[in-house]
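Survey of secondary and tertiary structure
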Amino acid sequence: MIGVRGVTWLVWRQHRAALWALLALTVLVGGYLAYGGYESAEAARALDGCAGQDAAPQCSQALTDFQQEHQYPLRLPLQLLLLLPLLLGVFLGAPLFAQELESGTLRTALSQSVSRARLLRAKLAVPVMLTLVAAGVITACATWWWHTVASAVGSEFPWYMPIPFDAVGPAPVAKALLVLMIGVTLSLLLRRTVAAMAAAAAVGGSALFALEQVRGGLWPTVTAQRSGLGADAAPGDAWLFDDGLVVADGRRVPQSGECFAADDYYQCLAEKGVTGHWAEFHPPSHFWPLQWAETGLCLAAAAALAGLCFWWTRHRLT
């Protein structure tokens, strides 16, 4: 009889090259990021006395050195981490069933005294657990490093941009699990390894792009209004969606192209009755709410795909 343990062992044996490569990648990348984060944290302590003294020559040089040694080197690892969900979906999820369906060996497993649902649970256990461990370890180390450099000198890459948003926090782990399940689902539906891998890359990439497009709407924005012609309504580090001018009675008015050409821009606005600015934005404090909202969306989609896989395995897989 083939039990869950036997099937799990079989999955490991069938995909051991990809699984060992994933574990090795986790150790190497996680170790690099952890070491970089440790060095950044140590170096950031030396900048504590420079808070509010950026103009001081010694602090200015210290901040420049910190950026060059600890902030700029973080760019490449974060850029590579954007590919992690796709790598997991293409090389771990897509071949999971397609290889056996293509060769016909899955029929042998289905003929044993183990239910199809139990077989699917066993086959999913290994890649899902490894995805959670690999993505969790790597993104935890990346988050630590990013936090140390961002808190020390301010991020060279705004918090709401794909770098670092797509490489730190819980959302990258959930996205990795979602793209993995996309690969597994396509593995069952297409039944061909190469076709499933190609489709996983295309569909997974499209899903990641769609998540980036809807991200701003996952949490309510803040709308603020500020009096004064020279003062912006949104803070400088906010994720700005829209802004404009207001007049004395609170009405919003469009920007005046006529005033851009005037000798005195602010005087021109005042003559038109403009008294201040309004803005719609996400402040930096929305970083974690947006992260958790995107995490929940990805986990819900991954669970829906898992349900589809169980239904397909039970009713359509032959």
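Here is what the cut-offs are and how they apply
- Residues numbered from 1 in each chain as written.
- Predicted model: local features only at pLDDT ≥ 70, side-chain atom pairs only at ≥ 80, totals over all residues.
- Heavy atoms only, no water.
- Pairing = 2+ DSSP bridges.
- Helix = DSSP H or I, 4+ residues; strand = E, 2+ residues; numbered from the N terminus.
- Core = buried A, V, L, I, M, F, W, Y, C linked by side-chain atoms within 4.5 Å.
- Buried < 20%, exposed > 50% of the residue type's maximum accessible area, 1.4 Å probe, protein only.
- Axes fitted to C-alpha atoms, helices over the stretch in contact; angles between N-to-C directions.
- Parallel < 35°, antiparallel > 145°, perpendicular 65-115°, else oblique.
- Left-handed = near helix turned anticlockwise from the far one by under 90°.
- Contact = heavy atoms within 4.5 Å.
- Patch = residues over 30% accessible without salt bridge, like charges linked within 9 Å, V, L, I, M, F, W, Y side chains within 5 Å.
- Areas by Shrake-Rupley, 256 points an atom, 1.4 Å probe, with all protein chains shown as cover.
- Salt bridge = Lys/Arg side-chain N within 4 Å of Asp/Glu carboxyl O.
- Phe/Tyr/Trp six-rings, centres within 6.5 Å; stacked < 30°, edge-to-face > 60°.
- Lys NZ or Arg CZ within 6 Å of the ring centre and 35° of its normal.

Strand order in the open sheet made by the 4 strands is E1-E4-E2-E3, with antiparallel pairing throughout. Each of the sheet's edge strands pairs with one partner strand only, and the pair in question is strand E1 (222–227) and strand E3 (252–253). Where strand E2 (residues 239–247) meets E3, 2 bridges bridge the pair, whose relative direction is antiparallel. Within the sheet, the bridge partner assigned to Val246 lies in E3 and is Arg252.

Let us look at the nonpolar core. One finds Leu33, Leu74, Leu78, Trp146, Met181 and Val184 to be the most contacted residues of the largest nonpolar core, which totals 65 residues. A per-element tally of this core places helix H8 (residues 116–153) first, with 13 residues.

With that out of the way, let us pick up the packing of helix H6 (residues 95–103) against helix H10 (residues 171–190). Remark: H6 packs on H10, axes separated minimally by 7 Å, with the N-to-C direction vectors making an angle of 15°. As the angle between them shows, H6 and H10 are arranged roughly parallel. In the packing of H6 onto H10, the handedness of the crossing is left-handed. Contacts between H6 and H10 involve Pro95, Leu96, Phe97, Ala98 and Leu101 from the first element and Val184, Ser187 and Leu188 from the second.

Let's shift gears to the pairing of E2. When E2 meets strand E4 (residues 274–282), the two strands line up antiparallel, connected through 8 bridges. Paired with Val246 across the strands is Gly276, a residue of E4. Hairpin connection, E2 to E3: the antiparallel pair is bridged by 4 residues, and Gly250 has positive phi, about 90°.

Among the surface-exposed residues, Leu25, Leu76, Leu80, Leu83, Leu87 and Phe91 lie close enough to one another that they form a single nonpolar patch of about 560 Å² accessible area. Looking at the nonpolar patch, the elements with two or more residues in it are helix H4 (75–81) and helix H5 (84–93). A residue is classified by how much of its surface remains accessible, and Leu25, at 34% relative accessible area, is partly exposed.

Glancing now at the pattern of salt bridges. According to the stated counting rule, one finds 5 salt bridges in the structure shown. Its salt-bridge partner being Asp166, residue Arg215 comes within 2.4 Å of it at the nearest N-O pair. Placement of Arg215 in the loop between helix H11 (193–214) and E1 and of Asp166 in the loop between helix H9 (162–165) and H10 is noted, with a sequence separation of 49 residues between them. When sorted by exposure, Arg215 lands in the same class as Asp166, which is buried. Close ionic contact of Arg251 with Asp249 constitutes a salt bridge, the shortest N to O distance being 2.8 Å.

Attention now goes to the packing of aromatic side chains. Evaluation of the coordinates by the stated rule reveals 10 aromatic pairs. For the ring pair Tyr160 and Trp239, a centre distance of 5.6 Å and an interplane angle of 10° mean the geometry is stacked. Highlighted residues: Tyr160 in the loop between H8 and H9 and Trp239 in strand E2, separated in sequence by 79 residues. Like Tyr160, the residue Trp239 is buried in the burial classification. Ring geometry for Phe165 and Phe287: centres 5.4 Å apart, planes at 75°, overall edge-to-face. Here Phe287 lies in helix H14 (residues 287–315) and Phe165 lies in helix H9, a separation of 122 residues in the sequence. In this pair, the class of Phe165 matches that of Phe287, namely buried. Counting every residue linked through ring pairs, the aromatic cluster contains Trp146, Trp159, Tyr160, Phe165, Trp239, Phe241, Phe287 and Trp288. Lying over the aromatic face of Phe97, Lys123 brings its terminal NZ or CZ to 5.2 Å of the ring centre. For the cation-ring pair, Arg252 lies above Trp278, with the distance from its terminal atom to the ring centre recorded as 3.8 Å.

With respect to the helices and strands, the residue Ala279 is situated in strand E4. Owing to a relative accessible area of 2%, Ala279 belongs among the buried residues under this scheme. Residues Ala279 and Thr221 lie 58 residues apart in sequence; the distance between their C-alpha atoms is 10.0 Å. Not counting chain neighbours up to four residues away, the residues in contact with Ala279 comprise Val222, Thr223, Ala224, Ala233, Ala234, Leu240, Asp242 and Asp243.

Geometric descriptors of this kind do not, in isolation, establish any biological role.
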